[in-house]
Amino acid sequence: MSQQSLNAPGNGPEESGDDSEIVTGGQTFASAQAADDLLDEIDSVLESNAETFVRSFVQKGGQ
Amino acid sequence: MKRRVGGLETEFGLVCVRADGSRALEPEAAARELFRPVVAMGRSSNVFLGNAARLYLDVGSHPEYATAECDDWWELVAQDRAGERIFAELTAQANERLAADGQDARIHLLKNNVDSAGNAFGSHENFLVDRRGEFTRLPRYLLPFLVTRQIITGAGGVVRPQQPVGAGPAAAAPAAAADAAPEPAQFVFSRRSDHMWEAVSSATTRTRPIINTRDEPHGDPTRFRRLHVIVGDSTMSEVSTHLRFATTDLVLRAIESGRALPELSLHDDISAIRAVARDLSGSAPIPLSHGGTTTAIEVQQRWLDHVTPLADESEQQVLETWQKGIDAVRTGDRSWAATHLDWAIKERLFQQVTERRGIELGDPAIERLDLAYHDIDPAHGIFHTLQRRGLAPATLPEERIEAARTTAPTTTRAHLRGQVVTTATQHGVDHVVDWTTMRLTRPGSMPVQVLDPFTTALPAVDDLLAQIRDLGTESGPGPAPAPFA
C-alpha cells in the first residue's frame, strides 16, 4: 500500500461524480438520458413486490 | 490525544424472501445459512479475521462486523467497506447454496438501522479517550455536536405517521402525542433520531442513549477508556462515514485541549434530536439549557470554526468537506451534497422517483427503495448503482478496499492480531484471539496480551508467530486468501 493511498484517497467524486450538474449542450442530454436509465433500473427493483418485501423485513432489534 | 484509535461496529439487517417478496426463511434460519462457512472455519459464529476485524452474529440475528483498531479515518472507511464486501460474498454464497438446493429464497443484507416494524439496530463508533480526561465533563460539550451532526452525516429517510417506533417508552413517541394530527410522511436527516431515548447511559437496546457509558477500554484500563457513540446512522457514502469519525475526532481533541469551548448545552437533547431530524432548513430554533436558542447549523458551524486552528495539514480536506455539508443545508443548494452525502443523495433520489411514479413519500415503494439503497449486494444495491453512475462517491481506490479484506491496519495493535490470525490460518494452527489477547489452543500455550492499542511490534508476538510456523502443517505461507472467498 503506497503512502499516497494511505493519506490521500483522491478526489473520485470531484472527478467523476458531477456529470449530472453540467448543464451545457450535449452534456445535458447525456445526463438526462443517464437519469432515465437510472430510474428504469430502479423501476425493476420497485415493481417486484415492493410492499410484500418491506413487510417481510421484520427482525428483532439490535443495539 | 493527537493520535487516536477508533473502530466502527456495523449491525446488518437480514431478510430472506421468495421471488414474490414474501418471507422464505426466518431471520434465525437465514443467519444460520449465511454463517455456515464462518462456523466451518472457526467452529463458532464469532471469529476474528486476517484483517484483524471481528465478524459475528449479534443479538436479534444481526450479522455484525467490527473493524480493527484504526488511527487513520480513511483506513477505517476502507476496513468498513471491506466488511461489507466480506458479508456480500457470504450472502452470494448462501444464495447459491439455497438456489442449488432448489429453494425459492434469496437473502438480502441491509446496512441500515431499522426494519419495517420499527425495530432498530446500530452503527457504533468507538473512540479511545484518555482515562485522565474528565469523562463526566465530556458529554456536556459533545452532545450538542452529536445531536446536530445528522444534518451532515445522517443517512436520510422517511418517517411515516403511525409507524411503530420499536423499543423504548412508546407513550413518549413524538408522533403519538394524543391530540396532535398525524404527521404526514416526511423526509428526515436521520430516522435513528426517533430511536434515541436518553443522552447518556449504560443501556443499549431498551432505552438507547446517544452516548453509551459501558466501560470496555479493550486496553490498559488505567490509561484508556472507550467513548461509545451509538447515535450514528449506518452510512453508505464513504464521505459520510469518514466525516462521522474525522469531525468527532476533532471535537474530542478540542474538548481534551482544556481550552475554552463553545457553551451550547441543549435544554432537552432528545426533543432536539427529533426536531433537528425533521428540520431540513437546519435553522429552526433549539432551546439552550441556560436560556436562549441556537440552531443545528449554528452548532455545527461553531464547532467547525472552533476546531479549525487544531487541524493539521492532512485535515484541511475534512474542514472543507464539513463546511460544504453545512453550506448545503444553509443555502439549500444541494448540487455538491446530492452526490456526496447519504441524506442528500437519497433526498434527490426519492424526489425523482416520487415524481416519476406520481406517488407520495409515504408510499411503500419509497420504503422499498430506501432498503434497496442500503442493500450491500454490489450488483443490485441501489447505492452501488448510483456509485457506478458517478452519482454517489467512490473515494477510496478499489485496490485499497480489496487489500483491507485481508490486511489489517499497520499502524495499530491490529497489525499484530492480523499477523497472528493470518499466519495461524495459513499453517492450520488452532488459535483464540480477542481485542487484547492472542493464544494458541493447546496445553501450556501462554497468552500474549497487548494492552496498548498503539503497539505495532512486540517480541512476544514474534515468538508466537515462530511457534505457529514450527507447529504448522504447511511448509510456508502462501498468499493470504480473502476470507470465505
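1. Looking at the sheet that holds strand 18 (residues 448–449) of chain B
Residues and elements named next belong to chain B. Sheet architecture is open: 3 strands sit in the order 16-17-18, paired in antiparallel fashion. For this open sheet the edge positions go to strand 16 (431–433) and strand 18, each flanked by a neighbour on one side alone. Relative to strand 17 (residues 437–440), strand 16 runs antiparallel, the two sharing 3 bridges. For valine 432, the partnering residue across the bridge sits in strand 17 and is arginine 439. Where helix 14 (residues 414–426) meets the sheet, its contacts fall on strand 16 and strand 17, and the angle it forms with strand 16 comes to roughly 160°. Across the sheet, helix 15 (residues 459–471) lies against strand 17 and strand 18, angled at about 25° from strand 17, the strand it touches most.

2. Considering the pairing of strand 6 (residues 62–66) of chain B
Residues and elements named next belong to chain B. Among the 5 residues of strand 6, 5 are classified as buried, and the element is accordingly described as predominantly covered. Burial along strand 6 is two-sided: the residues His62, Glu64 and Ala66 and Pro63 and Tyr65 are all buried. By the bridge criterion, 3 bridges tie strand 1 (residues 6–11) to strand 6 in an arrangement that is antiparallel. Looking across to strand 6, one finds that threonine 10 is bridged to tyrosine 65. Of the strand pairs in this sheet, strand 5 (residues 54–58) and strand 6 are connected by 5 bridges, and their pairing is antiparallel. Directly across from aspartate 58, in strand 6, lies its bridge partner histidine 62. Linking strand 5 to strand 6, which pair antiparallel, is a turn of 3 residues; within it glycine 60 sits at a positive phi near 80°.

3. A closer look at the domain arrangement of chain B
Residue and element names in this part refer to chain B. With domains assigned, chain B is organised as domain 1 (135–170 + 183–373) and domain 2 (403–475). With centres defined by C-alpha atoms, the gap from domain 1 to domain 2 works out at 37 Å. Across the boundary between the two partners, domain 1 contributes 5 residues, which contact 7 residues of domain 2. Between domain 1 and domain 2, a total of about 430 Å² is buried, with carbon and sulfur atoms accounting for 65% of that surface. Between the two partners, domain 1 and domain 2, sit 1 salt bridge. Here arginine 223 makes a salt bridge to aspartate 452, at a shortest N to O gap of 3.6 Å. For the side of domain 1 that touches domain 2, the residue count by class is 1 nonpolar, 2 polar and 2 charged.

4. Some details on the pattern of salt bridges
Residues and elements named next belong to chain B. Overall, the coordinates contain 42 salt bridges over all chains when judged by the stated rule. The salt bridge involving aspartate 327 is made with arginine 330; its shortest N-O contact spans 3.5 Å. Of the two residues, aspartate 327 and arginine 330 both sit in helix 9 (residues 316–331), 3 residues apart, roughly one turn of that helix. A residue is classified by how much of its surface remains accessible, and aspartate 327, at 27% relative accessible area, is partly exposed. The exposure class assigned to arginine 330 is partly exposed, which follows from its relative accessible area of 42%. The structure contains a network of salt bridges with shared partners spanning Arg4, Asp249, Arg253, Glu256 and Glu315.

5. What to know about the sheet that holds strand 4 (residues 46–48) of chain B
All names here are of chain B. Strand order in the open sheet formed by 8 strands is 4-5-6-1-8-13-12-11, and the pairing between neighbours is mixed. At either end of the open sheet lies a strand with only one pairing partner, and these are strand 4 and strand 11 (198–201). When strand polarity is set aside, the average angle formed by the axes of neighbouring strands in this sheet is 20°. Relative to strand 5, strand 4 is paired through 3 bridges, and the arrangement is antiparallel.

6. Notes on the interface of chain A and chain B
Think of interface size as the accessible area that goes away when the parts come together; that is how it is often given. Counting from both sides, the interface comprises 42 residues of chain A and, opposite them, 71 residues of chain B. A per-residue breakdown of the area chain A buries against chain B is headed by Phe53, Phe57 and Gln63 of chain A, which together make up 20% of the total. Where chain A touches chain B, the interface holds 5 salt bridges. Of the charged contacts, one joins lysine 60 of chain A and glutamate 28 of chain B as a salt bridge, the two residues approaching to 3.4 Å between their closest N and O atoms. Counting residues per element, the ones that place at least two in the side of chain A that touches chain B are helix 1 (3–7), helix 2 (12–16), helix 3 (25–46) and helix 4 (50–56) of chain A.

Each value, and the rule that gives it
Per chain, residues are indexed from 1 in the order of the written sequence. Chain labels run from A onward and ligand labels from 1 onward, assigned in the order the entries are written. Selection of residues for local features in this predicted model requires a pLDDT of at least 70, selection of side-chain atom pairs for listing and counting requires 80 or more, and totals for whole chains, interfaces and linings are taken over all residues. Hydrogen atoms and water are omitted, and side-chain values are computed over all heavy atoms in the structure. Whether two strands pair comes down to DSSP finding at least two bridges between them. Secondary structure follows DSSP: runs of H or I at least 4 residues long count as helices, runs of E at least 2 residues long count as strands, and numbering of each begins at the N terminus. Whether two residues are in contact is decided by their heavy atoms: any pair within 4.5 Å suffices. Fitting a line to C-alpha atoms yields each axis, with helices limited to the stretch in contact; the angle taken between N-to-C directions then spans 0 to 180 degrees. Exposure classes here rest on a 1.4 Å probe applied to the protein chains alone. A residue is buried below 20% of its type maximum, exposed above 50%, and partly exposed in between. Domain ranges listed in this record stem from an automatic or a database domain assignment. The quantity reported as buried area is the accessible area (1.4 Å probe) lost by two parts once they are put together, taken as the sum for both. Counted as salt bridges are all cases of a side-chain nitrogen of Lys or Arg within 4 Å of a carboxyl oxygen of Asp or Glu. Polarity classes work like this: nonpolar for Ala, Val, Leu, Ile, Met, Phe, Trp, Tyr, Cys and Pro, charged for Asp, Glu, Lys and Arg, and polar for all others, with Gly in that last group.

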